[in-house]
Amino acid sequence: MANNQVKSRRRFLTDAALLTGGIFVASGLNPFGKLLYAVERKNPKGPWYGMGIDLEKCIGCGRCADACKTENDVPREPFFFRTWVEQYTILNDGSVKITSPNGGIDGFKQMYPDEEIFKSFFVPKMCNHCENSPCVQVCPVGATYESPEGIALLDSSYCIGCRYCVQACPYGCRYIHPTRKVVDKCTMCYHRITKGLLPACVEVCPKGAKIFGDLNDPKSDLVKFKKEYSWQVLKPHMNTDPKVFYNGLRAEVR
Amino acid sequence: MGPHYQHLYDMLSKVDGYIYPNEIDLNWSILIVLYPYITGLVAGAFILASLERVFKVKVLKPTYTIALLSALAFLLVATMPLISHLGKPLRFFEIMITPHFTSAMAIFGFIYIWYLMVVLLLEIWFDYRRDLVLWSQEKKGIMKRVYKILTLGVTDISPKALKWDDRLGYAITVIGIPSAFLLHGYVGFIFGSVKANPWWSTVLMPVIFIFSAMVSGIALVMFIFMMVNYIRKKLIDMNCLDAIAKFLLVALILDFALEGLDQVHRIYEAEESFQILDLLVKGKLTYTLFLFQWGLGMLVPILILGYLQMFKSNARLRRILYLITSLLVLIGIFFMRWNVVIGGQLFSKSFYGFTAFKLKLIGTEGIGMASIWIILPFLILLFLFWLLSPWKRHPEEGGS
């Protein structure tokens, strides 16, 4: 009996020690938990901006790409875009044809006869303002950074023009400005949204296919959009966590 | 439309399939091909030098100083292509002053400085200190002063001091080997860590870079060693040359095996990007990959060196074959860098098409500029051979 008591006391002590030690170790590891469990509200006191794009509504007029160039002084040549529109045409034989002549600014012409076409649709593209931006990660001087509102921005007076970020962006959203010789990219019209205005591309869209909003605000149009539609993001396997959400995105779109 | 954009409009007609509109121009061109190429030569030459010093491969003794000075000559130029390709070259120092530590590129400056100041310069200084002191006593006029400055005021050449030189030099070489691996493995990581680019993104990239660096560095020292003896009209030490060839063969086989493993892995896994990479390899990279990198740059050298290992040939034939081999390897590794850097940007990240690349003759990204950065190290090397002449060194007393 006495022997049993000693044994159980010993067990109690080892269990207690293990428990205390476990708690101690777990608290030590707590900061690393962020790496494991990602769900956490970003910028809890302010907005956390994103964009919804409803492909069902996009008519491929290209006004968004045009307005962006005007608003942000993007060179007019067809090699420099902060946002552009792609036309996808899936033929009956399953082949995928994509074009984006001048980023869609001059509109699109369907090159295939109707009877050959299985489906055709437009996809506006822009910087995805990823939560895990590879571009922010690789910038060697920190000229590319994330604003408190979750916008991937660039300090052009600091950029050295090494182009590593252009290589790192999986979405082709960055370009070297031909005269400034530094990187340029979509800012989600930061100069407008911080004044309560909409981004230029959203403002001009005649069909309301682009929905700008605050992901932290449950009443925002964007949160409603995300609730209503089964949205998708581009290249989810890259684990970049884009904040541009598409409704009606097909697997062909890359 | 200004003439500024004419080349881009010309390129528009060469686009194959669909690319994102911002992808028409290659962002990294010939200068970024040279960057890993030159860094690799440095790392490889150093590793050959350390074979003699640390692993006591005495037969390589005649190449020790040549290898070290070659490494230094190329290392001095290594950052030049990088800086001259920047959009804002005058801001390059920002990378040292305010490095962004999550960037794989930010640390290169520090590794470079470490390698230059702590490893190479110190090792050469310790190796040459006795000669510098003696030269500063023998020479007259301005050269006397130059050598005096190079001694950094340390003029003690007693046997005890020299023993310390030797010990410290040895210690630095021991540190230098992992540093050389770090230097070039790191360059590989800059490419290998870009997950957006399936042609670059492989965990083997740093390892492949290290082994290809050894291959190219050994070939470079072999070439310079032969050239030096030819120009100085000296009979070359065939035992030494044969030994270099043996190491080159081993490095080549390892490099070939690693690159082969990488490709086999890609083909067998056949991920999402497989089709576009398959088209890339069989289309735009056919000549540079199959012919120059693997054919002439690897298989032919392996066959030649393998043949010479198995069958005895006379010295003259061996010399000719070694010369051809070293040149083939140097060209082959250049194309290996080319295929990585240029090849990785020819296909669109949409995986739906290709852009084209046309090498320009002039301009900051042209052949002219690139030639400067390739010729300059050889001029520096000539200068080093004159300043720190390996042939006018004082024979060691007592053979310590």
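Residues numbered from 1 in each chain as written. Chains lettered and ligands numbered in written order. Predicted model: local features only at pLDDT ≥ 70, side-chain atom pairs only at ≥ 80, totals over all residues.

Peer 1: Tell me about the overall build of chain B, and name the residues and values.
Peer 2: Check the secondary structure of chain B and you find 14 helices and 2 strands. Relative to its length of 400 residues, chain B is compact, with a C-alpha radius of gyration of 23 Å against a globular reference of 21 Å. Across its three principal axes, chain B shows a C-alpha extent of roughly 70 × 55 × 35 Å. When burial is assessed residue by residue, chain B has 43% of its 400 residues classed as buried. Look at the contacts in chain B between residues 6 or more apart in sequence, and 80% of them connect residues 24 or more apart. (Helix = DSSP H or I, 4+ residues; strand = E, 2+ residues; numbered from the N terminus. Rg over C-alpha atoms; globule rule 2.2 N^0.38 Å. Buried ≥ 20, exposed ≤ 12 C-beta atoms within 10 Å, placed from the backbone. Contact = placed C-beta atoms within 7 Å.)

Peer 1: Any details on the sheet that holds strand 10 (residues 244-247) of chain A? Residues and values, ideally.
Peer 2: Residue and element names in this part refer to chain A. With mixed pairing, 3 strands are arranged side by side in an open sheet as 9-1-10. Each of the sheet's edge strands pairs with one partner strand only, and the pair in question is strand 9 (210-214) and strand 10. Looking at each pair of strands side by side, their axes are set apart by 20° on average, direction ignored. Examined bridge by bridge, strand 1 (residues 49-54) and strand 9 share 5 bridges and lie antiparallel to one another. Counted as the bridge partner of tyrosine 49 is aspartate 214 from strand 9. Helix-sheet contacts for helix 8 (residues 221-228) involve strand 1, strand 9 and strand 10, and the interaxial angle to strand 9 is about 115°. (Pairing = 2+ DSSP bridges. Axes fitted to C-alpha atoms, helices over the stretch in contact; angles between N-to-C directions.)

Peer 1: An account of the environment of Ile211(A) is requested, with residue identities and associated values reported.
Peer 2: All names here are of chain A. In this fold, isoleucine 211 is placed in strand 9. For isoleucine 211, a count of 24 C-beta atoms within 10 Å corresponds to the buried category. For the pair formed by isoleucine 211 and glutamate 228, sequence separation is 17 residues and the distance between their alpha carbons is 13 Å.

Peer 1: An account of unusual backbone geometry is needed here, citing residue identities and associated values.
Peer 2: Negative phi values dominate among residues other than glycine, just as trans dominates among peptide bonds. Residues and elements named next belong to chain A. If you check the backbone angles, arginine 163 has positive phi at about 70° while not being a glycine. With respect to the secondary-structure elements, arginine 163 resides in the loop between strand 6 (152-154) and helix 5 (164-168). A positive phi angle, close to 55°, is found at asparagine 239, a residue other than glycine. Tracing the backbone shows asparagine 239 in the loop between helix 8 and strand 10.

Peer 1: I'd love a proper account of helix 14 (residues 367-387) of chain B, names of residues and values included.
Peer 2: Residues and elements named next belong to chain B. Here helix 14 spans 30 Å end to end across 21 residues, near enough to the 30 Å set by a 1.5 Å rise per residue. Of the positions making up helix 14, those classed as buried are Met369, Ala370, Trp373, Pro377, Leu381, Leu384 and Phe385. Buried residues along helix 14 sit against helix 2 (30-53) and helix 3 (61-85). (Expected span 1.5 Å × (residues − 1).)

Peer 1: Please provide a residue-by-residue account of the interface of chain B and chain A, values included.
Peer 2: Taken together, the 36 residues of chain B in the interface contact 38 residues of chain A. A breakdown of the residues in the side of chain B that touches chain A according to their chemical character gives 19 nonpolar, 10 polar and 7 charged. (Nonpolar A, V, L, I, M, F, W, Y, C, P; charged D, E, K, R; others polar.)

Peer 1: Now, about the nonpolar core: what can you tell me, with residues and values included?
Peer 2: One recurring pattern in soluble globular proteins: nonpolar side chains tend to sit buried together. Residues and elements named next belong to chain B. By size, the foremost hydrophobic cluster in this structure holds 175 residues, and its most contacted members are Val42, Ala45, Ala71, Val215, Ile218, Val221 and Leu248. With 17 residues, helix 2 is the largest single contributor of residues to this core. Valine 215 has contacts with Gly44, Leu248, Ala251, Leu252, Asp255, Val329 and Ile333, leaving out every residue within four places of it along the chain. (Core = buried A, V, L, I, M, F, W, Y, C linked by C-beta atoms within 7 Å.)

Peer 1: Help me get a handle on the sheet that holds strand 4 (residues 117-126) of chain A, residues and values and all.
Peer 2: All names here are of chain A. As summarised here, the arrangement of the 3 strands in space is 3-2-4, forming an open sheet in which the pairing is antiparallel. Taken across any chain shown, the strands that pair with only one partner, and hence form the sheet edges, are strand 3 (96-99) and strand 4. Strand-to-strand twist across the sheet, computed as the mean angle between neighbouring axes with direction ignored, equals 20°. Where strand 2 (residues 83-91) lies against strand 3, 4 bridges are found, and the strand directions are antiparallel. Paired with glutamine 87 across the two strands is threonine 99, which belongs to strand 3. Here helix 3 (residues 63-72) sits on the sheet in contact with strand 2 and strand 4, set at roughly 160° to strand 2.

Peer 1: Mind laying out the environment of Ile367(B), listing which residues take part and the relevant values?
Peer 2: Positionally, Ile367(B) belongs in helix 14. With 344 residues separating them in the primary sequence, Ile367(B) and Glu23(B) have C-alpha atoms 22 Å apart.

Peer 1: Before we move on, can you summarise the pairing of strand 2 of chain A with the specific residues and values?
Peer 2: All names here are of chain A. As paired elements, strand 2 and strand 4 share 9 bridges and run antiparallel to each other. Across the sheet, threonine 83 pairs through a bridge with methionine 126, a residue of strand 4. In this structure, the hairpin formed by strand 2 and strand 3 is closed by a connection of 4 residues, where glycine 94 is found at a positive phi of approximately 95°.

Peer 1: An account of the packing of helix 7 (residues 159-192) of chain B against helix 8 (residues 205-231) of chain B is requested, with residue identities and associated values reported.
Peer 2: Residue and element names in this part refer to chain B. Running from N to C, helix 7 and helix 8 cross one another at 135°; their axes reach a closest spacing of 7 Å. Taken together, the axes of helix 7 and helix 8 lie oblique to each other. Judged by the sense of rotation from one axis to the other, the crossing of helix 7 with helix 8 is right-handed. For the pair formed by helix 7 and helix 8, the contact residues are Phe181, His184, Gly185, Val187, Gly188, Phe189, Phe191 and Gly192 on the first element and Met205, Pro206, Ile208, Phe209, Ile210 and Ala213 on the second. Class assignment for the residues of the contact of helix 7 with helix 8 results in 10 nonpolar, 4 polar and no charged. (Parallel < 35°, antiparallel > 145°, perpendicular 65-115°, else oblique. Left-handed = near helix turned anticlockwise from the far one by under 90°.)

Peer 1: Tell me about the packing of helix 8 of chain B against helix 9 (residues 238-269) of chain B, and please be specific about residues and values.
Peer 2: Residues and elements named next belong to chain B. It is at 9 Å that the axes of helix 8 and helix 9 come closest, and there the two elements cross at 155°. For the element pair helix 8 / helix 9, the angle class is roughly antiparallel. Considering the relative orientation of helix 8 and helix 9, their crossing is left-handed. Along its contact with helix 8, which presents Val207, Ile208, Phe211, Ser212, Met214, Val215, Ile218, Ala219, Val221 and Met222, the element helix 9 presents Ile244, Phe247, Leu248, Ala251, Leu252, Leu254, Asp255, Leu258, Glu259 and Asp262. Considered class by class, the residues forming the contact of helix 8 with helix 9 number 16 nonpolar, 1 polar and 3 charged.

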